[in-house]
Amino acid sequence: MRLKKIAQSILPTRWGKFSIIAFEESNKKKNNNHIALIYGNIYRQKKTILARIHSECLTGDSLFSLRCDCGIQLKTSLNIISQEGAGILIYHRQEGRNIGLINKIKAYALQDMGLDTVEANHKLGFLSDERDFKICSDIFKLLKIKKIRLLTNNPKKVKILSKHGIQIQERVSLIVGLNKINKFYVHTKKNKMGHFF
């Protein structure tokens, strides 16, 4: 396993108190840290625990960009998990589908010229999606979670987690944050990346 648990604390939020757990990758070349936010007692639930993998998006999560649906997905996920009474949100530190912040902004510039997100990534020499979701399966295993209901529109997350030993008992849709600015972005996710909308 490429991850180890480093630290844990309490994170009070507008949706209630979460436990925040930091994980560190053992791969020194990448040196990424990831976190899990846990609400309630995830081990004493009658139904399978609800979980969300949220990939880092500085522009959407922190700078309120309307180019994507990431920021509203993050807020909505935390709200849904708190209303559920228990759940997990993994904050997956792989910015810009894992091409990094600088390359993401370069991709934005290409999108300004008419390319879609997939075409922009290819123009920069990357795959459509460079993210490694196996890391997330490792986090679930470190948390001793084997079965989840996954809050996602992305079939790749379902496929990769299932391949690496996490049982997806249900896929729960998360369709929020659509606007006239990100319409082309969402259309590309649906038609080129197979996301469910």
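Note that the structure is predicted; figures quoted are calculated from it, not measured.

Each helix and strand counted, the protein has 8 helices and 7 strands in total. Relative to the compact-globule value of 16 Å for 197 residues, the protein shows a C-alpha radius of gyration of 16 Å, a close match. Going through the 197 residues of the protein one by one, you find that 46% of them count as buried. The contacts of the protein with a sequence gap of at least 6 include a subset with a gap of at least 24, amounting to 60%. Total accessible area on the protein is roughly 10400 Å²; 54% of this is exposed by carbon and sulfur atoms. Of note, the protein has its 36 positive side-chain charges centred 5 Å away from the centre of its 15 negative side-chain charges.

Before going further, it helps to examine helix H7 (residues 155-163). Among all positions of H7, only Lys 157, Ile 160 and Leu 161 are buried. Viewed end-on, H7 has its buried residues packed into an arc of 95°, placing them on one side of the element. Of the exposed residues in H7, those oriented more than 90 degrees away from the buried face are Lys 159 and Lys 163. Each element contacted by the buried residues of H7 is listed here: strand S4 (50-55), helix H6 (134-142), strand S6 (147-151) and strand S7 (167-172). Among the residues of H7, the N-terminal cap falls to Asn 154, whose side-chain oxygen and the backbone nitrogen of Lys 156 are separated by 2.8 Å. Taken from the residues just after H7, Gly 165 is the one with a positive phi, measuring 90°.

This part is about unusual backbone geometry. Note on backbone geometry: most residues besides glycine have negative phi, and most peptide bonds are trans. The phi dihedral of Arg 97 is positive, around 55°, even though this residue is not glycine. Relative to the elements of secondary structure, Arg 97 occurs in helix H3 (residues 95-98). The phi angle at Asn 98 is positive, at roughly 75°, despite the residue not being glycine. Here Asn 98 lies in helix H3. Judged by its relative accessible area of 25%, Asn 98 falls in the partly exposed class.

Our next topic: the nonpolar core. If you look at the biggest cluster of nonpolar residues, it comprises 24 residues, and the most contacted ones within it are Ile 88, Ile 139, Phe 140, Leu 143, Ile 145, Ile 148 and Leu 161. Elements represented by at least two residues in this core include exactly strand S2 (16-25), strand S3 (33-39), S4, strand S5 (87-92), H6, S6 and H7. If we skip the residues at most four places from it in the chain, Ile 145 touches Ile 42, Tyr 43, Ile 49, Ile 88, Phe 140 and Ile 166. Residues Phe 18, Tyr 39, Leu 78 and Leu 89 belong to the second largest nonpolar core, which totals 11 residues.

Reading the values: the criteria
Residues numbered from 1 in each chain as written. Predicted model: local features only at pLDDT ≥ 70, side-chain atom pairs only at ≥ 80, totals over all residues. Heavy atoms only, no water. Helix = DSSP H or I, 4+ residues; strand = E, 2+ residues; numbered from the N terminus. Rg over C-alpha atoms; globule rule 2.2 N^0.38 Å. Buried < 20%, exposed > 50% of the residue type's maximum accessible area, 1.4 Å probe, protein only. Contact = heavy atoms within 4.5 Å. Areas by Shrake-Rupley, 256 points an atom, 1.4 Å probe, with all protein chains shown as cover. Lys, Arg positive; Asp, Glu negative; His and termini not counted. Charge placed at Lys NZ, Arg CZ, Asp CG, Glu CD. Arc of directions from axis to C-beta. Polar contact = N/O pair within 3.5 Å; in protein donor to acceptor, adjacent residues only side chain to side chain. Core = buried A, V, L, I, M, F, W, Y, C linked by side-chain atoms within 4.5 Å.

Shape is all these values report; function is a separate question.
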